[in-house]
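Results of the structural survey
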Amino acid sequence: YIEAIENLTVAIEKEPFYSELYYLRGVAKSNLDDYIGAEQDYTRSIELSPSLPDVFINRAIVRSQKLNYTGAFEDFSKALAMDSTNGGIYFYRAKLNLYVKKYYNCIYDCDRALKLNFKNEDVYILKGSSELETGSYQAAITDLNTAIGINSKNPYAYIQLASVWMELNQADSAIRYLNQAVHIDTNNIYALFNRSLALIKKPDKAAA
């Protein structure tokens, strides 16, 4: 990414009005966690060519990293106005909605993404996580199991499924799924911490 930024900077000096160069440099900067620089490059790209939804999507993601949620939602709306058939836009907006605890909005965005054939385990994990927060436990179980069916190696589907069973006061079921999560990723602190909480409920304080 550093080499890409150096080359793109040289290219921009030669072609300062080519919007795609700023966009690509913004991608490189965001991958180096330079969110301020990335946003500046995305903004310049938009100024030069304000009709590319991918630039708005990427700027929205960067803005959410900078905690500018209002700006991020505005960018997602602009991207959808340009391409309402892009399921990826709904997916990324769903992630932001879950983060800011707009659970019903997250579920809506996940449903839209799925209808547009943007189907991977992460969509179902997002939807199941929001359904958990709204008390729709059976729906959450169904969606999280679907996520596992798509990719059985994603530990977060098991972790969220365990959280559902904890809400239903079934610690044994929660522990079973958390064991699977830890088996997949032995260094997953979230899985280990949640398993300790489930073991306390057993109660098995020594194991916890």
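In what follows, the structure referred to is the one given above.
Structure report, in brief. (Residues numbered from 1 in each chain as written. Predicted model: local features only at pLDDT ≥ 70, side-chain atom pairs only at ≥ 80, totals over all residues. Heavy atoms only, no water.)

**Brief notes about the state of the cysteines**
A covalent bond between the sulfur atoms of two cysteines is referred to as a disulfide. The condition is simple: Two cysteine sulfur atoms form a disulfide, by the criterion used here, when they sit within 2.5 Å.
Per the stated rule, a full pass over the model turns up zero disulfides. Free cysteine: C106, not disulfide-bonded; nearest cysteine sulfur from C110 at 4.1 Å.

**Comments concerning a nonpolar patch on the surface**
Where we set the bar: Note on patches: the residues involved have over 30% relative accessible area and no salt bridge, like charges join within 9 Å, and the nonpolar side chains Val, Leu, Ile, Met, Phe, Trp and Tyr join within 5 Å. Areas reported as accessible are Shrake-Rupley estimates using a 1.4 Å probe. Residue values count occlusion only from the protein chains shown. Counted as salt bridges are all cases of a side-chain nitrogen of Lys or Arg within 4 Å of a carboxyl oxygen of Asp or Glu. The way it works is that DSSP assigns letters per residue, a run of H or I at least four long becomes a helix, a run of E at least two long becomes a strand, and they are numbered from the N terminus.
Where nonpolar side chains cluster on the molecular surface, the patch consists of Y1, I2 and L32 and spans about 330 Å² of accessible area. Note that Y1 resides in the segment before α1 (2–14).

**As for the packing of aromatic side chains**
In plain terms, the rule: Between rings of Phe, Tyr and Trp, where Trp is taken as its six-membered ring, a pair exists when centres lie within 6.5 Å; planes separated by under 30 degrees are stacked, by over 60 edge-to-face, and by other angles tilted. When accessible area is computed with a 1.4 Å probe and restricted to protein chains, residues below 20% of their type maximum are described as buried, those above 50% as exposed, and intermediate ones as partly exposed. The rule is short: NZ of Lys or CZ of Arg within 6 Å of the ring centre and within 35 degrees of the ring normal puts a charge over the ring.
Summed over the entire model, instances satisfying the criterion amount to four aromatic pairs. Summarising the aromatic geometry, the rings of Y23 and Y42 are spaced 6.0 Å apart at their centres and angled 45° between planes, so their arrangement reads as tilted. Here Y23, found in helix α2 (residues 19–31), pairs with Y42, found in helix α3 (residues 35–48); they are 19 residues apart in sequence, far enough to count as distant. For the pair shown, Y23 and Y42 are each scored as buried. Three or more aromatic residues link up through ring pairs in this structure, and these residues are F91, Y92 and F118. Its guanidinium or amino end placed over the ring of Y22, R44 lies 6.0 Å from that ring's centre, counting from NZ or CZ.

**Some thoughts on the packing of α3 against helix α4 (residues 53–65)**
Defined as follows: Axis lines are fitted to C-alpha atoms, over the contacting stretch for helices. Their N-to-C directions set the angle, which ranges from 0 to 180 degrees. Roughly parallel covers angles under 35 degrees, roughly antiparallel covers those over 145, roughly perpendicular covers 65 to 115, and oblique covers all other angles. Left-handed describes a crossing whose near helix is turned anticlockwise from the far helix by less than a right angle; the clockwise case is right-handed. Any pair of residues with heavy atoms lying within 4.5 Å of one another is described as a contacting pair. Polar here means any residue outside two lists: the nonpolar Ala, Val, Leu, Ile, Met, Phe, Trp, Tyr, Cys and Pro, and the charged Asp, Glu, Lys and Arg; Gly therefore counts as polar.
At their nearest, the axes of α3 and α4 sit 9 Å apart, and the two run at 150° to each other. Classified by the angle between their axes, α3 and α4 sit roughly antiparallel to one another. The crossing of α3 and α4 is left-handed. Contacts from Y35, A38, E39, Y42, T43, S45 and I46 of α3 reach α4 at V55, F56, N58, R59, V62, R63 and Q65. Looking at the contact of α3 with α4 residue by residue, the class counts come to seven nonpolar, four polar and three charged.

**What about α1?**
The condition that has to hold: Multiplying 1.5 Å by the helix residue count minus one yields the expected span of that helix. Regarding the arc, it is the one traced by the directions from the helix axis to the C-beta atoms.
With 13 residues, α1 extends 19 Å between its outermost C-alpha atoms, agreeing within 8% with the 18 Å of an ideal straight helix rising 1.5 Å per residue. Among all positions of α1, only I5, L8 and I12 are buried. Here the buried residues of α1 occupy an arc of 70° about the axis, which is enough to place them on one side. Across from the buried face of α1, at angles greater than 90 degrees, the exposed residues are E3, E13 and K14. Contacts from the buried residues of α1 go to α2.

**A word on α3**
Between the first and last C-alpha of α3 there are 20 Å, a value that for 14 residues agrees with the 20 Å anticipated at 1.5 Å per step. The complete set of buried residues in α3 reads G37, A38, E39, D41, Y42, S45 and I46.

**What about the environment of L48?**
Among the secondary structure elements, L48 is positioned in helix α3. Looking at L48, the relative accessible area reads 27%, which means it is partly exposed. The spacing of L48 and V10 is 38 residues in sequence and 18 Å in space, taken between C-alpha atoms. Leave out the neighbours within four places in its chain, and L48 touches P16, F17, Y18, S19 and Y22.

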